[in-house]
Every structure is written in C-alpha cells, then in structure tokens.
Amino acid sequence: MMLDQTQVPLLAAMKKYVHDDVIPFHTPGHKMGKGMHRVLGDLMPLQTLALDLALMAELDDLHEPHGPIKAAQDLAADLYGADHSYLVVNGTTGGIYAMILTIAGPGDKIIVPRNAHRSIIGGIILSGAIPVFIQPEVDNDLGLAMGVTPETVSAALKQHPDAKGVLIINPTYYGVATNLKEIIDIVHACNIPVVVDEAHGPHLKFSDRLPIQALDAGADIVAQSTHKIIGALTQCSLVHCREGRIRVPRLKAMLQLVQSTSPNYILMASLDVARMQMATQGRELIEKAVDLANKARQEINKIPGLYCFGEEKLGNPGVCSMDPTKVTVTVKGLGLKGAEAERILRHQYKIQVELSDVYNILFLITLGDSEREVDALVAALRDMAATHHGTRDFSAIREIYTAGKYPEPPEQVISPRDALFGNTCMVPFTDAAGMICAEIVTFYPPGIPILCPGERITQEIIDYCHALQNADMHISGPEDYLLKTIKVVD
C-alpha cells in the first residue's frame, strides 16, 4: 500500500490538540507558554510554545507508538526504504548508542574504524564490547582520514571470525564515501550485521550525483542526522533498520534505554515535517544544493593558495565516491592553520565554517543556501587569500607522515568500559610504557586515535606522540592536553 507522503500525522495531531482549547493540568509547567518568562516568551510565539506538549493518548508515546508517532515513523520507513524507522531526539549519538547496544554486549567483539566519532566509543563503553579497530586510509596532502577499504574489513573478519558485527562510518564528515556495497556484501557473507553511522547522509537518497545511501547498499541498521543536512531541528535524527540479521525488538528496547521518557514534541514534529519536505521536494532541493556546491568548488579552485578537493580524488584508497555538498577548503597554501582561517572568516567577513582542522576548513551547502550565500562565501575566501598570509611551515608534519613510522596498533588488554570504570591514576607520559591507557589520545591531522581506553602503551607510541607534539600538532582527548601526564589503569 502506497503511503501519502504529503501528510504530517504527528504535527496534525498536535495542532488539533491545541485547537481543542484544552485546559492543561499536565506537564510542561509553562502550560502552553502562558507561564513562560517574557525573556524567552517574547522570542517564541505563543502558537509555538503551545505545541510544547506531553504524552497524551491522542499524541502517542515515542516508546510504544500506535498513533500519530507510529504513522510518522511508517512514513519515514516508506520514504527511505527501511523495514522500520524510528524518531530520535537526542542526536545521532543516541541512535549510535542504540545500534551498538543492539548488536553487541559485554565481551562481544565489534569491528569499528579507528577514526570513530566519540559517540561510537561511548556506545562501546556502554555495551562493554571489545572494539576491533581497523585503520582508515589517510590522505597525507589533506591531512584527512578517508574511508576504510573492503580489503581492510575482509582482513579483520578473517582475523576475528567471532565478531558480532561491523560498524562503518559513511560518508565521512568531509563527504568521502567508501565502497559500501562491497563491504556490506563481504560482511553479510559472514552472516553478521553491518551498522552504518550515516550522520552526514540523510540527503543521499535524493540525488544520483551523491554516494549510495546505506540502506540501498544493504545495511542492517543506519543512523542519520536529519538535523545536520536537511530540515529538522537540532538534535533530531532517524534510525532505520532492516529485518533479518538484527532483532528488531532489541533495537526498540535499546532506543527506549537511551532516549528520554519525555521527548520534545516540537522536535519530533520537525522530523515529521522534514520527512514530508524531502518526500515532496527532496530531489529538487538536493540537486540545487549539489549545483551550488559544484559552483563554489569551481570558483574556490581559481583562488591562488586555496584548494578544494573533488572528483580528482576518486579511485584513491578509501575514496569510492564523494558528496560535493561538503566543501573542504585546504588553507595551508596560505601558510594558515584551519583555526586561523576560521577566526578570520568569522570576525572579518561574518562567515562561520562548520569546522576547522590543521589544514582545512569545511563548509556545508544545504537546502537552506542560495546563490547569494555561495557568492558571499567565494568573495570572502578570495579576499582572505589576497590579504592574509600566515608564516606556518607544515613541512615537519609532512615529514613525520611520509616517513611512514606510524606505530604498531596497540594491544587491547581490557575493554574500554573496564578501563574507564576501573581504578585509574595519572602518571608521567614518558614513564607510561607497559601500562594500560584509560583515555583517548588523538592528534590532528588526521584525527585518528593513537591510544584508546584499555590499550597497552608502548615506548614506540610514546616516542611517536612526542614527535607529533614537537611538530606542534593539535592533541584532543586526554585530560592533560599537554600530554605531560596520562590517565592509566591503576
């Protein structure tokens, strides 16, 4: 049966409740905006605050949906091609926690890329699983981690045939997609599930010029940040699944475990509306965003000192396809660090980047952009390149990476959960060889952790970290960001 994708069942039920002129003796305490202080109340129309509602029979229950929330979820599943879809209102982080908890428990192995987002590490800690880390490919010119290759996944499965599942990040934050279909076929041949962190791909379904979406490639569970790229409010995501290799009741139970029992109805309604918008206008809106991004890339690459990677990277290891709406501008040709370029653009040109790293700044072109914004971006970059030149020499970083002295992957001695919740103490980093790490240590570029909780610290790793520090690279993760001390299992 074809579903009517023009409908917004959850929003319709909420509006009906408000129009019934009910006298609320229920949460929230501001009572449909009447009790809201004007400092905020003046900024939010009463008709919006009136939609901030609570669990009532006619508005359904996110954790046991049978009415308008179930209808909204069924419409999302129908649009994206899932067997079941679920509204998530605590970010894709909550979705990733639930996905990992669905496929792995204490002591179970799960294969994950080494450049995992902290939500993935968080999910592994919550589950008590043992991560089997696989190394993504690295582009040394850009200082960026790319995708993991099918060969890398295949080798990990041969080495760890008892793994309960494989988690893939696709596409990356910078829009790089690996050969997902081939990876999924390899994993499914071992009869275990593939879960995909597709935070940056809720729009992939709507243009043939974008990488294949994970569900269409055969993934078993997928988490998408509907708020990042398309029209939902911040915090709003969708989790989609296919029946067969996962237990759907367990996924539902895990989503209940990680989500609030008082979900915000305005957030859920924004997911309902974002789905409707993509069903009715998605192709037109996303094709326009791709066109704008391609125009921006073309113009940026004419600016001396700047480089915006594109299709020339296709075919490199870990790069099967790319999402052009992620516009990565490499600024090291100006002698600037990404963070310096970010500050210049924000304070001199009133342009805010999505993120910056040592070499790059990233811009997202979405359905909310037009020619005007893209022209302003290109003009600002052109002016910055003409008037700002740093003195930064990146040769020390390049020498470390091209020397190929990356240390051997550390031994996973205990689970990240046991490392985090065990007795820990701080010791001088120079004296930590042989000890078990109890925190994450990551250097940028390329943002791949060198140490994770539960791994044994080696002298080789200590020496490598010191070399990276001497090259003035950015450290992320440890409590002591100078890395004079490190937290270890006592």
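Computed from a predicted structure; not experimentally measured.

Q: Which residues make up the overall build of the protein, and what are the values?
A: Check the secondary structure of the protein and you find 17 helices and 20 strands. Taking 490 residues into account, the globule formula puts the C-alpha radius of gyration at 23 Å, and the protein, at 24 Å, falls close to it. Based on the C-alpha atoms only, the size of the protein along its principal axes is roughly 70 × 55 × 45 Å. Going through the 490 residues of the protein one by one, you find that 54% of them count as buried. Long-range pairs, those at least 24 residues apart, make up 71% of the contacts in the protein between residues at least 6 apart in sequence. As displayed, the protein has an accessible area near 21100 Å², and 53% of this comes from carbon and sulfur atoms. Looking at charge distribution, the protein has the averaged site of its 42 positive side-chain charges lying 2 Å from that of its 57 negative ones.

Q: Describe the sheet that holds strand 11 (residues 307-308), naming the residues involved and giving the relevant values.
A: In space, the 4 strands of this open sheet follow the order 11-13-15-14, with antiparallel pairing throughout. Strands at the two margins of the open sheet, each flanked by one partner only, are strand 11 and strand 14 (355-356). For strand 14 and strand 15 (residues 360-364), the ladder comprises 2 bridges, and the chain directions are antiparallel. Each residue of the ladder has a partner; that of Ser356, found in strand 15, is Ile361. Across the sheet, helix 12 (residues 265-300) is in contact with strand 11 and strand 13 (326-330); its angle to strand 13 comes to roughly 10°. Sitting on the sheet, helix 13 (residues 338-349) touches strand 14 and strand 15, and the angle it makes with strand 15 is about 50°.

Q: A description of the pairing of strand 1 (residues 84-88) should follow, citing residues and the corresponding values.
A: Burial within strand 1 is extensive, with 4 of its 5 residues counted as buried. Where strand 1 meets strand 10 (residues 237-241), 5 bridges bridge the pair, whose relative direction is antiparallel. In the sheet register, Tyr86 faces strand 10, and the bridge partner there is Val239.

Q: Tell me about helix 17 (residues 459-470), and name the residues and values.
A: Its 12 residues give helix 17 an end-to-end C-alpha distance of 17 Å, which sits within 8% of 16 Å, the value for a rise of 1.5 Å per residue. Looking at the buried positions of helix 17, the neighbouring elements they touch are helix 15 (395-402), strand 17 (441-444) and strand 18 (448-451). Of the residues trailing helix 17, Asp472 is marked for its positive phi of about 65°.

Q: Give me the pattern of salt bridges: which residues, what numbers.
A: Taken as a whole, this structure holds 21 salt bridges when the rule is applied. When the shortest N-O distance is used, the salt bridge between Glu299 and Arg382 registers 3.7 Å. Note that Glu299 is positioned in helix 12 and Arg382 in helix 14 (residues 371-387), a separation of 83 residues in sequence. Glu299 gets classed as partly exposed once you look at its relative accessible area, which sits at 22%. A relative accessible area of 41% places Arg382 in the partly exposed class. Residue Glu411 is joined to Arg456 by a salt bridge in which the shortest nitrogen-to-oxygen separation is 3.3 Å. Pair noted here: Glu411 is in the loop between helix 15 and helix 16 (416-421) and Arg456 is in the loop between strand 18 and helix 17, with a separation of 45 residues, a long-range link. On the basis of relative accessibility, which here comes to 47%, the residue Glu411 falls in the partly exposed class. The exposure class assigned to Arg456 is partly exposed, which follows from its relative accessible area of 29%.

Rules used in this analysis
- Residues numbered from 1 in each chain as written.
- Predicted model: local features only at pLDDT ≥ 70, side-chain atom pairs only at ≥ 80, totals over all residues.
- Heavy atoms only, no water.
- Helix = DSSP H or I, 4+ residues; strand = E, 2+ residues; numbered from the N terminus.
- Rg over C-alpha atoms; globule rule 2.2 N^0.38 Å.
- Buried < 20%, exposed > 50% of the residue type's maximum accessible area, 1.4 Å probe, protein only.
- Contact = heavy atoms within 4.5 Å.
- Areas by Shrake-Rupley, 256 points an atom, 1.4 Å probe, with all protein chains shown as cover.
- Lys, Arg positive; Asp, Glu negative; His and termini not counted.
- Charge placed at Lys NZ, Arg CZ, Asp CG, Glu CD.
- Pairing = 2+ DSSP bridges.
- Axes fitted to C-alpha atoms, helices over the stretch in contact; angles between N-to-C directions.
- Expected span 1.5 Å × (residues − 1).
- Salt bridge = Lys/Arg side-chain N within 4 Å of Asp/Glu carboxyl O.

Fair warning: the whole summary comes from geometry, so function is off the table for now.
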